[in-house]
Each structure stands twice: as C-alpha cells, then as structure tokens.
Amino acid sequence: MSGQAVKVPAAHQVLAVLGYLARQATPVPAAAITRDLQLPRSTTYQLLTTLAESGFVVHLADERRYSLGVAAYELGTGYVRQAPLQRIARVPLGRLVDRTGHTAHLAVLHGREVIYVIEERAPGRPPLVTDVGVRLPAHLTASGRAMLAALTRAHVRALYPEPDAFVTRHEVGPRSLSALRRILVETRRRGHAIEDGEVTPGLVSVAVAVLDSAAYPVASVTLTFPDYAPAEEQTVLVAEVNRTARAVAHRIGGQLHSATE
C-alpha cells in the first residue's frame, strides 16, 4: 500500500455538509446544500438524515431547513470542555469555595445530561450526589438549566423531542417542553439558573453558564447550599457564582452568559 491517504467519498461528503452548514448565518433548505455542494439530491437527503439521527444536524421541519445540531457544537468545543478546561477552572472554583464556605462544581453538557468534571467540596460539608463523573438530567439541575438557556430554541427542541425525555428524581421538575422553556426564559431574564430540591431535597443550587467566543455554553459554575440560607445570603452567593463564571470565561477568551431565545 502506498503512503498516500485513502480518500473515502462518503466521509468527504459528510465533512462538506457540516462545513457548509457551519458557514451559514441561518438554517438552509436541502436544495441549497444540493446546489452549492453539487451533490445528488438523494445523497443530500441521506447524509442529512444520518447526521440528524446522530445529533450533528437539526431538521427544522416547520421551516423545511437544516442547521448544525448540538453534537456539532460539542465536537467543536471539545478542547475547552476537557482537561484544559478543568485545569483552567479549578483555581477559580477553589477560591469560590473559600469565599462562600459552600461546595462548588463545574459541569459540562452532554446531550440531555450534565457531567460533573470538578467538585470543590467545602470543609465540613457532606458529600453530594454531584460527584466528579456523575451524570444527571440537564433539565433538573441548575448546571444544566444555565447551559440550556444559552442554546437556541431549535437546539432545545431537538434535545427534548418527546415527553418521555423529561425524567424526574423526586417527582418534581418540568414534564414538558413548554414547562422547560418557561424555566429557561426565567433563567435568561434572571441571569442565573436555580434548582431547589429537585436533585436533593433540602439543597439549593445556583449556576451560571460559561460561554466560549462563539457563545456556546462550554460549562457552568454551580454552588450548592442548604435551602434555609437567608435571602440576603443567597443574593451574595449568586454574585460570587457570577464572579467565578466570569473569571473562567475570561481565561478561555469567552463570554459570561447569553440571552439567546
């Protein structure tokens, strides 16, 4: 076999479609993809169907158009979501714990779940279910809600296409897309996400998303504390979470939060 790379036509076509969608300012119809990439119509639809099934493309059926899906964003921001992000965020999270006396986490979004990649436990505080490596439903957690609120409506709809996507832990939390959207609208208005007893009864979590330079939520900073904390203290804690999220965003050259609708 020669030292030259073997070209796989289907792989080149997939990359061409993804690259094309990435360059568009808005979702596009399949006909435009067929025309601009000079692909057979049947090939275009086959590629789009496969990409949509794997989450790399979202089919906006009402508009008869296609756009990049959540999986494409996850792939594109994978570098900062992995070990480098953990190294970047660990010191700011440690300082957050020192300032507040409560346990802090850094989480990333993976499909409909959040994965906790850093836990900085406060001295004397009990262990939480949100340990490193734990996955939880994004719509139930403050971490997940903060990041979901930074996604477009189309991306959220693609993540939650059916009612059975809305699992619960203690029979509380959103049970429908409309209920989740109301939470996300309020999260954007407020500037931070809240979860009160939906993961662990008696505990409240507040979270702020960290966005990269493309306004994609690469992570969220979360602080968890007892639900009996006075309102005045909670206001201070929210400000500290915002401060920490801003510090992490600055380190990756990104943004703090978004008002995407």
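Residues numbered from 1 in each chain as written. Predicted model: local features only at pLDDT ≥ 70, side-chain atom pairs only at ≥ 80, totals over all residues. Heavy atoms only, no water.

A few words now on the layout of surface pockets. Considering only enclosed or pocket space, the second largest pocket measures out at about 220 Å³ in volume. Lining the second largest pocket are 16 residues, and of these Ser54, Gly55, Val70, Ala71 and Leu159 lie nearest its centre. Counting residues per element, the ones that place at least two in the lining of the second largest pocket are helix H3 (41–53), strand S1 (57–60), helix H4 (70–76) and helix H8 (153–159). Within the lining of the second largest pocket, the residues separate by chemical class into 7 nonpolar, 7 polar and 2 charged. (1 Å grid on protein atoms, 1.4 Å probe; cavity = no way out; pocket = protein on both sides within 12 Å on 5 of 7 lines; lining within 4 Å. Points joined across faces, edges and corners; volume = space filled by probe spheres on them. Helix = DSSP H or I, 4+ residues; strand = E, 2+ residues; numbered from the N terminus. Nonpolar A, V, L, I, M, F, W, Y, C, P; charged D, E, K, R; others polar.)

The next subject is the packing of aromatic side chains. Following the criterion strictly, the structure yields 1 aromatic pair and no others. Ring geometry for Tyr160 against Phe166: centres 4.9 Å apart, planes inclined by 20°, an arrangement best described as stacked. Here Tyr160 falls in the buried class, since its relative accessible area comes to 2%. (Phe/Tyr/Trp six-rings, centres within 6.5 Å; stacked < 30°, edge-to-face > 60°. Buried < 20%, exposed > 50% of the residue type's maximum accessible area, 1.4 Å probe, protein only.)

Bringing the nonpolar core into the picture now. With 57 residues, the main nonpolar core has Leu106, Val114, Leu148, Tyr160, Val210 and Val221 as its most contacted residues. A per-element tally of this core places strand S7 (residues 203–211) first, with 7 residues. Core analysis: the second largest hydrophobic core is formed by 16 residues, Leu18, Val28, Ala30 and Leu48 among them. (Core = buried A, V, L, I, M, F, W, Y, C linked by side-chain atoms within 4.5 Å.)

Where burial is concerned, most of strand S4 (residues 113–120) is hidden: 7 out of the 8 residues are buried. By the bridge criterion, 7 bridges tie strand S3 (residues 103–110) to S4 in an arrangement that is antiparallel. Note that in S4 the partner of His105 across the bridge is Glu119. In this structure, the hairpin formed by S3 and S4 is closed by a connection of 2 residues, where Gly111 is found at a positive phi of approximately 65°. Where S4 and strand S5 (residues 135–137) come together, 3 bridges link them in antiparallel fashion. In the strand pairing of S5, Val114 is matched with Leu136. (Pairing = 2+ DSSP bridges.)

Geometric descriptors of this kind do not, in isolation, establish any biological role.
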